[in-house]
Amino acid sequence: MQYTSSGALAPVRGATANHHELKVWPACFAAVVSGAKPFDVRLNDRDYRVGDALLLREYEPESEQYSGRTTERWISYLLQGGSFGVEEGWCVLGLAEHAPLPSGISDTRLW
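Nothing here was measured: the structure is a model prediction, and the numbers come from that model.

Peer 1: Please provide a residue-by-residue account of the pairing of strand β1 (residues 19–24), values included.
Peer 2: Burial along β1 is one-sided: His-20, Leu-22 and Val-24 are buried, and none of His-19, Glu-21 and Lys-23, which face the opposite way, are. For β1 and strand β3 (residues 53–60), the ladder comprises six bridges, and the chain directions are parallel. The partner of Leu-22 across the bridge, within β3, is Leu-56.

Written out as structure tokens, the structure is:
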């Protein structure tokens, strides 16, 4: 069952979710949209957290312009750098297509 977010995300561990707007090159953007790439590797310069919303904006590096295409994802998993071959200061973000369910909701049939 599909549902949409009203823009308000469920807090994670008492913190409020953040919204991040990120540049994504065309090949990676297409792979995320198709579902082939449900993750992203990023410099962790934004204190990413599970539950944060990401607005991914397709960016053309040759022309240094945005294409106008966007997609929204939420961080479902966060692997911090310094382990598993991920360099310190970097992270791997697991991407979800849907916003996290509000606290206390576990069944989307009730949503």
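Peer 1: So, the sheet that holds β3: which residues are in play, and what are the values?
Peer 2: The strand order β1-β3-β4-β5-β2 describes an open sheet built from five strands, whose pairing is mixed. A strand with exactly one partner marks an edge of an open sheet, and here the two such strands are β1 and β2 (39–43). Shown here is a sheet whose adjacent strand axes are inclined to one another by a mean of 45°, direction ignored.

Peer 1: Any chance you could break down the pairing of β3 for me, citing the residues and the numbers?
Peer 2: Along any regular strand the residues' side chains alternate between the sheet's two faces. Across seven bridges, β3 lies against strand β4 (residues 65–80) in antiparallel orientation. Note that in β4 the partner of Leu-56 across the bridge is Thr-71. Linking β3 back to β4 in an antiparallel pair, the connection comprises four residues, with Glu-64 at a positive phi of about 55°.

Peer 1: Describe helix α1 (residues 26–34), naming the residues involved and giving the relevant values.
Peer 2: Along α1, the positions that sit buried rather than exposed are Phe-29, Ala-31 and Val-32. One side of α1 holds all its buried residues, which, seen down the axis, span an arc of 165°. Structural note: α1 exposes Ala-27 and Ser-34 on the side pointing more than 90 degrees away from its buried face. For α1, the elements touching its buried residues are β1, β3, β4 and β5 (90–96). Backbone geometry just downstream of α1 places Gly-35 in the positive-phi region, at approximately 95°.

Peer 1: Give a description of the side chain of Arg-73 that names residues and reports values.
Peer 2: With respect to the helices and strands, the residue Arg-73 is situated in strand β4. Here Arg-73 occupies a buried position and makes no salt bridge, while the nearest side chain of opposite charge, Glu-97, is found at 4.7 Å. Within polar-contact distance, the side chain of Arg-73 engages the backbone oxygen of Val-32 at 3.2 Å. In terms of polar contacts, Arg-73 uses its side chain to reach the side chain of Thr-71, at 2.8 Å. Contacts of Arg-73, omitting those with residues within four sequence positions, involve Val-32, Val-33, Asp-52, Ala-53, Leu-54, Leu-56, Leu-95, Ala-96 and Glu-97.

The rules we used
Residues numbered from 1 in each chain as written. Predicted model: local features only at pLDDT ≥ 70, side-chain atom pairs only at ≥ 80, totals over all residues. Heavy atoms only, no water. Buried < 20%, exposed > 50% of the residue type's maximum accessible area, 1.4 Å probe, protein only. Helix = DSSP H or I, 4+ residues; strand = E, 2+ residues; numbered from the N terminus. Pairing = 2+ DSSP bridges. Axes fitted to C-alpha atoms, helices over the stretch in contact; angles between N-to-C directions. Arc of directions from axis to C-beta. Contact = heavy atoms within 4.5 Å. Lys, Arg positive; Asp, Glu negative; His and termini not counted. Salt bridge = Lys/Arg side-chain N within 4 Å of Asp/Glu carboxyl O. Polar contact = N/O pair within 3.5 Å; in protein donor to acceptor, adjacent residues only side chain to side chain.

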